[in-house]
Amino acid sequence: IKVFCIGFVVELLYLQLGVLVRSDGSVLPPVWLLLLWVMFATTLFFSLSWLRTKLYVAAVCAAISAPLSYLAGTRLHDLMALNTSVFFSLLVIAITWAILLPILLCWLVADDVNQR
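Notes on the structure follow. (Residues numbered from 1 in each chain as written. Predicted model: local features only at pLDDT ≥ 70, side-chain atom pairs only at ≥ 80, totals over all residues. Heavy atoms only, no water.)

1. Considering the pattern of salt bridges
- All chains considered together, the criterion is met by 1 salt bridge.
- R22 serves as the salt-bridge partner of D24, at 2.9 Å between the closest nitrogen and oxygen.
- The partly exposed category is assigned to D24, whose relative accessible area is 46%. (Salt bridge = Lys/Arg side-chain N within 4 Å of Asp/Glu carboxyl O. Buried < 20%, exposed > 50% of the residue type's maximum accessible area, 1.4 Å probe, protein only.)

2. Some thoughts on the environment of A63
- Structurally, A63 is set in helix α3 (residues 55-76).
- Setting aside anything within four residues of it in sequence, one finds A63 in contact with A94 and A98. (Helix = DSSP H or I, 4+ residues; strand = E, 2+ residues; numbered from the N terminus. Contact = heavy atoms within 4.5 Å.)

3. Some points on the packing of helix α1 (residues 2-17) against helix α2 (residues 31-45)
- Across the interface, α1 lies against α2 with an axial gap of 9 Å and an inter-helix angle of 135°. By the criterion of interaxial angle, the relationship of α1 to α2 is oblique. Two packed elements cross with a definite hand, and for α1 against α2 that hand is right-handed. On α2, the residues that touch V3, F4, G7, F8, V10 and E11 of α1 are L33, L34, W37, V38, F40, A41 and L44. (Axes fitted to C-alpha atoms, helices over the stretch in contact; angles between N-to-C directions. Parallel < 35°, antiparallel > 145°, perpendicular 65-115°, else oblique. Left-handed = near helix turned anticlockwise from the far one by under 90°.)

4. Description of the packing of aromatic side chains
- The final tally for this structure, using the stated rule, is 4 aromatic pairs.
- Relative to Y70, the ring of Y14 has its centre 5.7 Å away and its plane inclined at 85°; by these criteria the two rings are edge-to-face. Remark: Y70 occurs in helix α3 and Y14 occurs in helix α1; sequence separation between them is 56 residues. For the pair Y14 and Y70, one class covers both residues: buried.
- With centroids separated by 5.1 Å and ring planes inclined at 25°, the aromatic side chains of W37 and W97 adopt a geometry described as stacked. Taken together, the residues W37 in helix α2 and W97 in helix α4 (residues 86-115) connect sequence positions 60 residues apart.
- Every member of this aromatic cluster is reached through a ring pair, and the members are W37, F40 and W97. (Phe/Tyr/Trp six-rings, centres within 6.5 Å; stacked < 30°, edge-to-face > 60°.)

5. Some details on the nonpolar core
- Formed by 26 residues in total, the largest nonpolar core has its most connected members in Y14, W37, F40, L44, I93, W97 and L101.
- Elements with a minimum of two residues in this core: α1, α2, α3, β2 (80-82) and α4.
- If we skip the residues at most four places from it in the chain, I93 touches Y14, V19, A66, P67, Y70 and L82. (Core = buried A, V, L, I, M, F, W, Y, C linked by side-chain atoms within 4.5 Å.)

6. Re the environment of V3
- Inspection of the secondary structure assignment puts V3 in helix α1.
- Residues V3 and S47, 44 residues apart in the sequence, show an inter-C-alpha distance of 16 Å.
- The contacts of V3, once residues within four sequence positions are left out, are W37, F40, A41, L44 and L104.

Written as structure tokens, this is what we have:
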């Protein structure tokens, strides 16, 4: 639930700042995009868990893969688009994710330690 809430805030900020634009004029992120955050949360515990000890690698991987993912997503779905300045949008997404993924991984480690 924590990752979902963070995802909601991130996507909302992207929309409010004009990084992403909805063609229907809505100011809220679409449900399908928020559900991707739920699925992403599961990868933190399993397929991305090896990055917990390699935060610099996580930041670089996120800075490369997240913009590509958003670019592909906006090409597949007409409801969402990047800002007319695609470079600006991809740069903001890259910086956001380079910071966000290591924080989420540290948070995961802290939660894991607290549960023991």
